[in-house]
Amino acid sequence: MKSLKVVFLGTPEFAKASLEAIHLSNHKVVGVVTVADKASGRGQKINQSPVKVYAVENNIPVFQPEKLRNPEFLEELRKLDADVFVVVAFRMMPKVLFEMPKMGTFNLHASLLPDYRGAAPINYAVINGEEKTGATTFFINEKIDEGNILLQEELEILPDENAGSLHDRLMVMGSALVVKTLDGLAENAITEKPQPNTEQPKNAYKIFKEDTRINWNAPSGAVHQFILGMSPYPAAFTILKIGEEEKGLKIFAGKFEITDHGRPAGTLDISKNEFKIYTQDGLYFPQELQLEGKKRMTVKDFLNGFRNFEEISL
């Protein structure tokens, strides 16, 4: 099989899996483009992206331009004479960059396009209670996640699966799909096809802090899926009132039941042995949570930290 010269563009752990799969394949990674190193945390320690760490460990040239249109950076990439660019969990790219390689630039997206275009396809597939999702490789064009499809593969979403578990399974499946796409392009064995015209494709917009607040007035099943879809990151939250104080409470996991309770949604019953929150049509029982300023813990450990339960409300 023909070996392709690849430039890889990506940043997080999800992308690193694809970079590793390409590096271990018949194809040659001639360069990696990733985000600039940045200081974070209390000690302002300099952190490198997972993609950079892997590239450095394997002696692959790394580029970290602040601006993707930088002429010197573009010239350095041209010199690599890559056949194809592969993009996984990166950022918007200018046309001058994605049109550079002979075969074009393709992206791995964690959904069955055209559904769930956008920054958070894994979260929204879980939030919306989908039974299946998948991964798509497609040629990049000037519109976000709308280029011609190369390959697609489906993946079943397991009952009560959260976004973190689905992320990890799609990461493995997607990395194999990237190599399969490179193999197909090398052999000229893939026919690209336009994305189906869907009147209202499901969207996966970027999630902001205000989008992660739990709506207790929703049905119990929807609350449950919302919490799973936000877990472990960015994490669904509610506000807990403890006396005169208000604190954020992240909820990562729980269970629910449908019951005709006649109580206002968003009220709670809390004691040493029980924590339940009333929803539109039932009850939600948090099982893993994290109070602002504390570490993540089980509901049992959480309840053990309180004495005056009558002071607590939502």
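- Per an unreviewed UniProt entry, the protein chain carries the name Methionyl-tRNA formyltransferase and comes from Chryseobacterium indologenes.
- Under the UniProt heading Catalytic activity (unreviewed entry), the note attached to the protein chain is "L-methionyl-tRNA(fMet) + (6R)-10-formyltetrahydrofolate = N-formyl-L-methionyl-tRNA(fMet) + (6S)-5,6,7,8-tetrahydrofolate + H(+)".
- Of the comments in the UniProt record for the protein chain, the one headed Function (unreviewed entry) reads "Attaches a formyl group to the free amino group of methionyl-tRNA(fMet). The formyl group appears to play a dual role in the initiator identity of N-formylmethionyl-tRNA by promoting its recognition by IF2 and preventing the misappropriation of this tRNA by the elongation apparatus."

Some words on the sheet that holds strand β2 (residues 28-33)
1) Next: Read from one edge to the other, the open sheet built from 7 strands follows the order β5-β2-β1-β6-β7-β8-β9, with strand pairing classed as mixed. A strand with exactly one partner marks an edge of an open sheet, and here the two such strands are β5 (62-63) and β9 (149-156).
2) Next: Relative to strand β6 (residues 84-88), strand β1 (residues 5-10) runs parallel, the two sharing 5 bridges. Looking across to β6, one finds that V7 is bridged to F85.
3) Next: Against the sheet, helix α1 (residues 13-23) touches β1, β2, β6 and β7 (105-109), its axis set at about 170 degrees to β1.
4) Next: Together, β1, β6, β7, β8 (132-139) and β9 form the strand contacts of helix α6 (residues 163-186), whose direction differs from that of β9 by roughly 150 degrees.

Focus: the pattern of salt bridges
Oppositely charged side chains can form a pair if their charged atoms are brought close together.
1) Next: What the rule picks out here adds up to 16 salt bridges.
2) Next: Of the charged contacts in the structure, one is a salt bridge between K79 and E76, with a shortest N-O distance of 3.6 Å. Remark: E76 and K79 occur in helix α3 (residues 71-80); sequence separation between them is 3 residues, near one turn of the helix.
3) Next: Among the residues examined, E76 registers a relative accessible area of 36% and is labelled partly exposed.
4) Next: Between K276 and E274 there is a salt bridge, with the nearest N and O atoms lying 3.8 Å from each other.
5) Next: Beyond isolated ion pairs, a larger network of salt bridges with shared partners links K5, D81, D83 and K102.

Description of the pairing of strand β13 (residues 275-278)
1) Next: Taking every second residue as pointing to the same face, both faces of β13 are buried, with F275 and I277 on one and K276 and Y278 on the other.
2) Next: Judged from the 3 bridges that link them, strand β12 (residues 268-270) and β13 form a sheet pairing that is antiparallel. By the bridge assignment, L268 is partnered in β13 with I277.
3) Next: With antiparallel pairing between neighbouring strands as the criterion, β12 and β13 make up a hairpin whose turn holds 4 residues.
4) Next: With 2 bridges joining them, β13 and strand β14 (residues 282-291) adopt antiparallel strand pairing. Its bridge partner being in β14, Y278 is matched across the sheet by L283.
5) Next: Between β13 and β14, which pair antiparallel in sequence order, lie 3 residues.

Describing the side chain of H224
1) Next: Looking at the element boundaries, H224 is found in helix α7 (residues 220-229).
2) Next: Looking at H224, the relative accessible area reads 5%, which means it is buried.
3) Next: Apart from residues lying up to four places away in sequence, H224 is in contact with D160, G254, K255, F256 and Y284.

Examining the domain arrangement of the protein chain
1) Next: Structurally, the protein chain comprises domain 1 (5-187) and domain 2 (212-313).
2) Next: A separation of 36 Å is found between the C-alpha centroids of domain 1 and domain 2.
3) Next: At the interface, 9 residues of domain 1 touch 10 residues of domain 2.
4) Next: Summed over both partners, the interface of domain 1 with domain 2 comes to about 700 Å²; 56% of that surface belongs to carbon and sulfur atoms.
5) Next: Contact with domain 2 buries surface across domain 1, with I127, D160 and N162 losing the most and accounting together for 56% of the total.
6) Next: Where domain 1 packs against domain 2, one counts 0 salt bridges.
7) Next: Viewed at the interface, domain 2 and domain 1 are joined by 7 residue pairs in polar contact (both at pLDDT 80 or more).
8) Next: Only α5 (121-127) and α6 provide two or more residues apiece to the side of domain 1 that touches domain 2.

Digging into the UniProt feature "domain: Formyl transferase C-terminal" (unreviewed entry) in the protein chain
1) Next: UniProt's entry tags residues 206-307 with the feature "domain: Formyl transferase C-terminal" (unreviewed entry), counted in the numbering of this structure.
2) Next: Note that residues 206-307 is 16% helix and 39% strand, and that its end C-alpha atoms are spaced 39 Å apart.

Cut-offs and rules
- Residues numbered from 1 in each chain as written.
- Predicted model: local features only at pLDDT ≥ 70, side-chain atom pairs only at ≥ 80, totals over all residues.
- Heavy atoms only, no water.
- UniProt positions renumbered as here; feature names shortened; annotations may be inferred.
- Pairing = 2+ DSSP bridges.
- Helix = DSSP H or I, 4+ residues; strand = E, 2+ residues; numbered from the N terminus.
- Contact = heavy atoms within 4.5 Å.
- Axes fitted to C-alpha atoms, helices over the stretch in contact; angles between N-to-C directions.
- Salt bridge = Lys/Arg side-chain N within 4 Å of Asp/Glu carboxyl O.
- Buried < 20%, exposed > 50% of the residue type's maximum accessible area, 1.4 Å probe, protein only.
- Domains from an automatic or database assignment.
- Buried area = accessible area lost by both parts, 1.4 Å probe.
- Polar contact = N/O pair within 3.5 Å; in protein donor to acceptor, adjacent residues only side chain to side chain.

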